[in-house]
Amino acid sequence: MLAYDWIEMLLNPTRSMLGFIIGLLSTAFLQSACSSVPETQRTDQRDPYEGANRGAFAFNMELDTHVLEPAANAYKRTIPKTGQHAIANHLNWTGLPATTLNSTLQGRYENAGVAFLHFAVNGLTLGLAELTEDPKAVNSQDFGQTLAHLNVPEGNFLMVPFLGPNTSRSLTGKVADTMTNPMSFLKAGEAAQTMQSLRPTVAAVSSRAKMSKALDDIKYNSLDPYARTRSLYYQSRAGRINAVVGKPNNNQTNDDQFESFFEDPS
Amino acid sequence: MMYFSQGVIGSLKSKDCRNWAAIFCVFIALFISLPAQASSQIEAANRLINTMVRDVESYLLADSGDISKRTENITKLLDTHFDIAGIARFSAGPYWRAANEKERLTYTQSMRKALIGTIARNFDQLVGLRFTIIDSQAKGSRMVLVRGTFRDKAGKRPPVSVGWRVVTPHPGPAKVLDVEIENISMLITQKQENIAIIRKNGGRFSALIEAMRQRQQTQ
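Residues numbered from 1 in each chain as written. Chains lettered and ligands numbered in written order. Predicted model: local features only at pLDDT ≥ 70, side-chain atom pairs only at ≥ 80, totals over all residues. Heavy atoms only, no water.

(A) Inspection of the overall build of chain A at higher detail. Looking only at helices and strands, chain A features 13 helices and two strands. Across the 266 residues in chain A, those meeting the buried criterion constitute 48%. Pairs at least 24 residues apart make up 65% of the contacts formed inside chain A by residues separated by at least 6 positions. (Helix = DSSP H or I, 4+ residues; strand = E, 2+ residues; numbered from the N terminus. Buried < 20%, exposed > 50% of the residue type's maximum accessible area, 1.4 Å probe, protein only. Contact = heavy atoms within 4.5 Å.)

Right, dumping it as structure tokens:
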């Protein structure tokens, strides 16, 4: 749920002090993640690093409470709806090259073409205004889905500080996808550079504001927010993977779980 | 001898023919009855969803923000259209079998109360939405997945795809077991959360009941 695209800072820690701190924290997290929980003590078999993951989740929750939630509330209060739409449009636009590339790698050439067209046309306003007729025509694709298409195993569940829930495969995909962000190779002067450096923060606040009701429900009403986040992540990810490769690998579909429920008479 | 063997072959043939004819008839009957059963299952599920949506719309129209009245309406909605016993059994996962009768009853009551609270908290979000069934598929002989879309009549919010898992017992009325929003099953989410709580507490079902009780006290 806390899928913040701050990985760009992780890739280039010299960009800012914050990036450096994030880099350090992530390294510390990855080192602590090496100690896995025995199978019998796991609350989910896909989560061998549950102890470290819960630690990272607690950190993300603190960050959310003290930084993101107030920032998202202020964002909703102060930025007019049209401005919020423009920001969301721009963030979607920066993901279009990744969709073009990944759709091509998956052999979904029609989607690749549509994504490229949307990127080119909306690029006239850096994606701030939707100049194309139907933005829903593009089915966004990431490198994690491409890896699934290539039968790369899903890997373990990882809760990453600042980035939120991932699997090893989807985290690898996120790293690859940040390299296709158009703002990282656009040399259009100071304005573009400022947009690029602000992008991760804006993306985090904007997505927090968009999902405020759902996130607040997890934070304040669930019995185990970590387990709920993990379940929501896996199901949502399975839906996306399912759209690319058919049945998600290493995972029971929702239908399978209901079938076994009806087979069990107890 | 030849007559004898011809007779035997003849009788075998006619016996085979009768067997084949019987098997053929059974298959034909099966193929005719299966789609008929599936279509009646689907009809029952669609009817339930349409009735439920109509009930929700009428409650929303009458909703004045009075929490006790809203809770009363939601309770009625839940008890009429939802399979509470099935939801309780599914959401407890494999630990349902280990729970005793008293624990099962307490859990079912707590879960029903939590469900009413969740719907009451989010009931406002349904204002201005219209649900349309897109397709319905039988999933085995006891369940139908009714897929549809919630659309904002004002067009301000993007459409949301929703799937209703409806149990269709024979005999008995169809009831909603699960709601799936954008590929996320509410019941599976709850089940995985419950399992995590029970496992964290050494497999004790009572730990889940205690966690639910504590949560309800703070809400």
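(B) How the structure looks around the overall build of chain B. Along the backbone of chain B there are seven helices and five strands. Listing the helices and strands of chain B from first to last along the sequence gives α-α-α-α-α-β-β-β-β-β-α-α. Summed over all atoms, the accessible surface of chain B reaches about 12,600 Å², with 61% contributed by carbon and sulfur. (Areas by Shrake-Rupley, 256 points an atom, 1.4 Å probe, with all protein chains shown as cover.)

(C) Region of interest: helix α6 (residues 186-200) of chain B. All names here are of chain B. For α6, spanning 15 residues, the distance from its first C-alpha to its last is 21 Å, which sits close to the expected 21 Å at 1.5 Å a residue. α6 sits mainly inside the fold: 11 of its 15 residues count as buried. The opening residue of α6 is S185, an N-cap whose side-chain oxygen sits 3.3 Å from the backbone nitrogen of L187. Positive backbone phi, at 65°, marks G202, one or two positions downstream of α6. (Expected span 1.5 Å × (residues − 1). Polar contact = N/O pair within 3.5 Å; in protein donor to acceptor, adjacent residues only side chain to side chain.)

(D) Fine view of the sheet that holds strand β3 (residues 160-167) of chain B. Overall, antiparallel pairing links the five strands, which are arranged β1-β2-β3-β4-β5 (chain B) in an open sheet. The sheet terminates laterally at β1 (129-138) and β5 (184-185) of chain B, the two strands that pair on one side only. (Pairing = 2+ DSSP bridges.)

(E) Up close: a nonpolar patch on the surface. A grouping of L117(A), V121(A), L124(A) and L131(A) is seen on the molecular surface, where their side chains present a nonpolar patch of about 390 Å² in accessible area. Looking at the secondary structure, you find L117(A) in helix α6 (residues 109-122). (Patch = residues over 30% accessible without salt bridge, like charges linked within 9 Å, V, L, I, M, F, W, Y side chains within 5 Å. Salt bridge = Lys/Arg side-chain N within 4 Å of Asp/Glu carboxyl O.)

(F) Structural detail: the interface of chain B and chain A. The interface is formed by 38 residues belonging to chain B together with 31 residues belonging to chain A. Each partner contributes to the roughly 3,100 Å² buried at the junction of chain B and chain A, and carbon and sulfur atoms together form 53% of this total. The interface formed by chain B and chain A holds five salt bridges in total. Close ionic contact of R121(B) with D217(A) constitutes a salt bridge, the shortest N to O distance being 3.9 Å. Inspection of the chain B/chain A interface yields 16 residue pairs in polar contact (both at pLDDT 80 or more). In terms of residue count, the dominant contributor to the side of chain B that touches chain A is α6(B) (13 residues). (Buried area = accessible area lost by both parts, 1.4 Å probe.)

(G) Region of interest: the nonpolar core. If you look at the biggest cluster of nonpolar residues, it comprises 51 residues, and the most contacted ones within it are I49(B), F82(B), Y107(B), W164(B), V166(B), L177(B) and F205(B). The element best represented in this core is helix α1 (residues 2-62) of chain B, accounting for eight residues. Sequence-distant contacts of L177(B), defined by excluding residues within four places in its chain, comprise F258(A), F261(A), F262(A), D83(B), G86(B), I87(B), R165(B), V166(B), V167(B) and L187(B). (Core = buried A, V, L, I, M, F, W, Y, C linked by side-chain atoms within 4.5 Å.)

(H) Fine view of the side chain of S136(B). Considering the arrangement of structural elements, one finds S136(B) in strand β1. Residues in contact with S136(B), not counting those within four places in the same chain, are I42(B), N46(B), V144(B), L145(B) and V146(B).

(I) Spotlight on the side chain of D142(A). Residue and element names in this part refer to chain A. Among the structural elements, D142 can be located in the loop between α6 and α7 (143-149). A distance of 3.0 Å separates a polar side-chain atom of D142 from the backbone nitrogen of G144. At a separation of 2.9 Å, a polar atom in the side chain of D142 contacts the side chain of R237.

(J) Spatial organisation of the packing of helix α5 (residues 101-122) of chain B against helix α7 (residues 205-218) of chain B. Residues and elements named next belong to chain B. Between α5 and α7, the least distance of the axes is 10 Å, while the angle of their chain directions is 30°. Classified by the angle between their axes, α5 and α7 sit roughly parallel to one another. α5 and α7 meet at a crossing whose hand is left-handed. Facing α5, whose interface residues are E103, T106, Y107, S110, M111, K113 and A114, α7 presents F205, S206, L208, I209, M212 and Q216. (Axes fitted to C-alpha atoms, helices over the stretch in contact; angles between N-to-C directions. Parallel < 35°, antiparallel > 145°, perpendicular 65-115°, else oblique. Left-handed = near helix turned anticlockwise from the far one by under 90°.)

(K) Summary view of the environment of N73(B). Along the polypeptide, N73(B) turns up in helix α2 (residues 67-81). Remark: the alpha-carbon pair of N73(B) and M52(B), spanning 21 residues in sequence, is separated by 12 Å.

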